[in-house]
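# Secondary and tertiary structure notes
Residue strings, one per chain:
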Amino acid sequence: MIAAALLEAVAARVGEAPASLPTVELQRDLRAQFAGLRVVVCSDDDLPPRAQPAFGNAHCNLYYLDASAHCVTLTADAEVATGLVVGLRGEDAD
C-alpha cells in the first residue's frame, strides 16, 4: 500500500528538483530517496488521458503502478499499488 504521506513527499521532492535535471536523473534521485519504491518518470502527456492521478501539484501528477502481475499496469487502488509513475507537467517535462 502507498500512503498519502508518501505521495506528498514524492511530489514535494519533484518540486524541489532543478528544472534542468534530466528525467533519468530525477528518476534515479527518487529511487534513491525512496528506497524500495518502484518509480518511473515521464511526461504527463505520455500517460493515457483517461488515467486519473492519485495526487498532483504544479510540477507533476502521481499515478499508482501495479507490478504484482505479469504485466505492469496503472491502478486506482492504493492497496495494490507497488510503485508510482511520476507524470511531469508542463515545463518540468523533458
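What you see is a predicted model; the values in this text were computed from it and never measured. (Residues numbered from 1 in each chain as written. Predicted model: local features only at pLDDT ≥ 70, side-chain atom pairs only at ≥ 80, totals over all residues. Heavy atoms only, no water.)

### Observations concerning the pattern of salt bridges
- Following the criterion strictly, the structure yields 2 salt bridges and no others.
- Ionic pairing is found between Asp29 and Arg13, a salt bridge with its closest N-O pair at 2.9 Å. You can see Asp29 sitting in helix 2 (residues 23–33) and its partner Arg13 sitting in helix 1 (residues 4–16), a full 16 residues away along the chain.
- Given the relative accessible area of 24%, Asp29 is considered partly exposed.
- Between Glu25 and Arg28 there is a salt bridge, and its shortest N-O distance comes to 2.7 Å. Of this pair, Glu25 and Arg28 both sit in helix 2, 3 residues apart, roughly one helical turn.
- Under the relative-accessibility criterion, Glu25 is labelled partly exposed at 32%. (Salt bridge = Lys/Arg side-chain N within 4 Å of Asp/Glu carboxyl O. Helix = DSSP H or I, 4+ residues; strand = E, 2+ residues; numbered from the N terminus. Buried < 20%, exposed > 50% of the residue type's maximum accessible area, 1.4 Å probe, protein only.)

### Remarks on the confidence of the model for the protein chain
- Mean pLDDT over the protein chain works out to 93, with 96% of the residues at or above the 70 mark.
- In the model of the protein chain, strand 4 (residues 73–75) stands out as the element of lowest mean pLDDT, 93, in contrast to strand 5 (residues 83–88), which has the highest, 97. (pLDDT = per-residue confidence, 0-100.)

### Here we look at the state of the cysteines
- In total, this model carries 0 disulfides according to the counting rule given.
- A disulfide-free cysteine, Cys42 has its sulfur positioned 11 Å from the sulfur of Cys60, the nearest such atom.
- With a relative accessible area of 17%, Cys42 lands in the buried category.
- Cys42 supplies the cysteine sulfur nearest to Cys71, a cysteine that is in no disulfide, at a spacing of 18 Å. (Disulfide = S-S within 2.5 Å.)

### Points about the nonpolar core
- Ranked by size, the top nonpolar core spans 20 residues in total, and within it Val10, Leu30 and Val86 carry the most contacts.
- Looking at this core, the elements with two or more residues in it are helix 1, helix 2, strand 1 (38–43), strand 3 (60–66) and strand 5.
- Here this core takes 4 residues from helix 1, the largest share from any one element.
- Sequence-distant contacts of Leu30, that is, excluding residues within four places in its chain, are made with Val10, Arg13, Val14, Val39, Val41 and Val86.
- Grouped together as the second largest cluster of nonpolar side chains are 6 residues, Leu47, Ala51, Leu65 and Val85 included. (Core = buried A, V, L, I, M, F, W, Y, C linked by side-chain atoms within 4.5 Å. Contact = heavy atoms within 4.5 Å.)

### What to know about helix 2
- Those residues of helix 2 that sit buried are Thr23, Leu26, Gln27 and Leu30. Within helix 2, the buried residues cover an arc of 100° as seen down the axis, which keeps them to one side.
- Check the buried side of helix 2 and you find it contacts helix 1, strand 1 and strand 5. (Arc of directions from axis to C-beta.)

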